[in-house]
Every structure is written in structure tokens, then in C-alpha cells.
Amino acid sequence: MATRTQMPSNSSGLIAMIADEDTITGFLLAGVGNVDIRRKTNYLIVDSKTTVKQIEDAFKDFTTREDVAIVLISQYVANMVRFVVDSYNNPVPAILEIPSKDHPYDPQHDSVLSRVKYLFNTESVAGDRR
């Protein structure tokens with residue numbers, strides 16, 4: 001049986017995650033996890049002992065890493081550092097807020113959805129002026 005070789009690509013990127021243990025475990029089982037040479041992971045497991053400072057530092061680290069294309073963050077965790085999430089406005093890495101097992105998704109607190117609604121409202125107002 002022939003083995004497949006991976007072609008190196010400059011356009012590939014990792015998915016980083018900041019979430020509870022169950023969510024992280026699911027993504028790790030799906031093959032999203034990564035540990036680099038310096039033993040740095042692409043995820044942060046948030047539990048009752050995790051401080052807001054640790055979450056904020058992980059978010060800033062993931063959003064400045066060259067190898068990260070998407071940051072998945074549980075919405076309830078994003079609410080803990082909402083000021084940092086809302087102030088982030090770069091297109092890459094993209095920030096996606098996801099629900100967790102114990103905390104359902106609330107569209108009122110999703111910063112991406114809020115920005116999209118704002119853009120559509122602005123476009124509809126501009127379209128009415130024509």
C-alpha cells in the first residue's frame with residue numbers, strides 16, 4: 001500500500017481553540033490538535049481554575065501566531081474576555097464563537113453576528129437613499 005506524503009503549503013493554517021474540556025476533547029479526537037517543537041499547543045482548556053488573564057493571554061497569543069487561521073472560542077468564554085474579542089478586527093485569523101455543552105448559543109452576544117447585522121443595516125440604509 002502506497003503511503004501519502006504531505007505537500008507543504010504556505011496557505012494552510014491551524015485551528016486554535018479556547019473552550020471547556022468536553023469541546024476541546026471533541027475537536028482533538030477529530031484531529032484538530034497540534035503541539036509544536038516548543039511543546040506549545042493550539043488550544044486552551046478553560047475550567048473553574050482558569051483565570052481571565054490566562055484566557056486573554058491565550059486569545060492574544062492565538063491571534064498573533066502566523067500558523068493559526070481560525071480561532072474557535074466558546075461563547076461563554078468569549079463573554080469573559082468580551083472587551084478583547086470585540087476589539088479584535090483582523091480578518092485572519094477568523095474568530096468564531098461556538099456553543100458548548102453547558103452553555104447554549106446566544107446570538108445577542110456574538111460579535112461576528114453583530115458586525116454582520118450592522119453591515120446589512122448600513123447597506124440597507126444606503127440603498128434606500130439611491
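Chemist: Got a minute to help me understand the layout of surface pockets in this structure?
Modeler: Space left empty within the atom packing is revealed by a probe, the size of a water molecule, rolled over the atoms. If you add up the space inside the largest pocket, you get close to 150 Å³. At the level of elements, strand S4 (94-98) and helix H5 (111-128) are the ones that each hand at least two residues to the lining of the largest pocket. When residues in the lining of the largest pocket are grouped by element, the largest group, three residues, is from H5. In terms of residue class, the lining of the largest pocket is built from seven nonpolar, three polar and one charged.

Chemist: How do you make sense of the pattern of salt bridges when you look at a structure like this?
Modeler: Any two side chains of opposite charge can pair, so long as their charged atoms come close to each other. Across all of its chains, the model carries eight salt bridges by this definition. Residue Asp22 is joined to Lys101 by a salt bridge in which the shortest nitrogen-to-oxygen separation is 2.7 Å. Taken together, the residues span a long stretch of sequence, with Asp22 in helix H1 (residues 21-29) and Lys101 in the loop between S4 and H5 at a distance of 79 residues. Under the relative-accessibility criterion, Asp22 is labelled partly exposed at 43%. Lys53 is the partner of Asp57 in a salt bridge, and the nearest nitrogen-oxygen pair spans 3.1 Å.

Chemist: Teacher, can you tell me more about the environment of Ile70 here?
Modeler: Locating Ile70 in the fold gives a position in strand S3 (residues 68-74). Separated by 57 residues in the primary sequence, Ile70 and Gly13 place their C-alpha atoms 7.8 Å from one another. When neighbours within four sequence positions are excluded, Ile70 is seen to be in contact with Leu14, Ile15, Ala16, Pro93, Ala94 and Leu96.

Chemist: Would you explain the nonpolar core in this entry?
Modeler: Generally speaking, a soluble globular protein has its nonpolar side chains buried in company with each other. The biggest cluster of nonpolar side chains holds 19 residues, and the ones touching the most others in it are Ile18, Phe59 and Ile73. Where this core is concerned, the elements lending two or more residues are strand S1 (14-19), helix H2 (52-64), S3, helix H3 (75-80) and helix H4 (82-87). The leading source of residues in this core is H2, at four residues. Those residues in contact with Ile73 that lie beyond four places of it in its chain are Ile18, Phe59, Ala78, Val85, Ile95, Leu96, Glu97 and Ile98.

Reading guide: rules and limits
Residues numbered from 1 in each chain as written. Predicted model: local features only at pLDDT ≥ 70, side-chain atom pairs only at ≥ 80, totals over all residues. Heavy atoms only, no water. 1 Å grid on protein atoms, 1.4 Å probe; cavity = no way out; pocket = protein on both sides within 12 Å on 5 of 7 lines; lining within 4 Å. Points joined across faces, edges and corners; volume = space filled by probe spheres on them. Helix = DSSP H or I, 4+ residues; strand = E, 2+ residues; numbered from the N terminus. Nonpolar A, V, L, I, M, F, W, Y, C, P; charged D, E, K, R; others polar. Salt bridge = Lys/Arg side-chain N within 4 Å of Asp/Glu carboxyl O. Buried < 20%, exposed > 50% of the residue type's maximum accessible area, 1.4 Å probe, protein only. Contact = heavy atoms within 4.5 Å. Core = buried A, V, L, I, M, F, W, Y, C linked by side-chain atoms within 4.5 Å.

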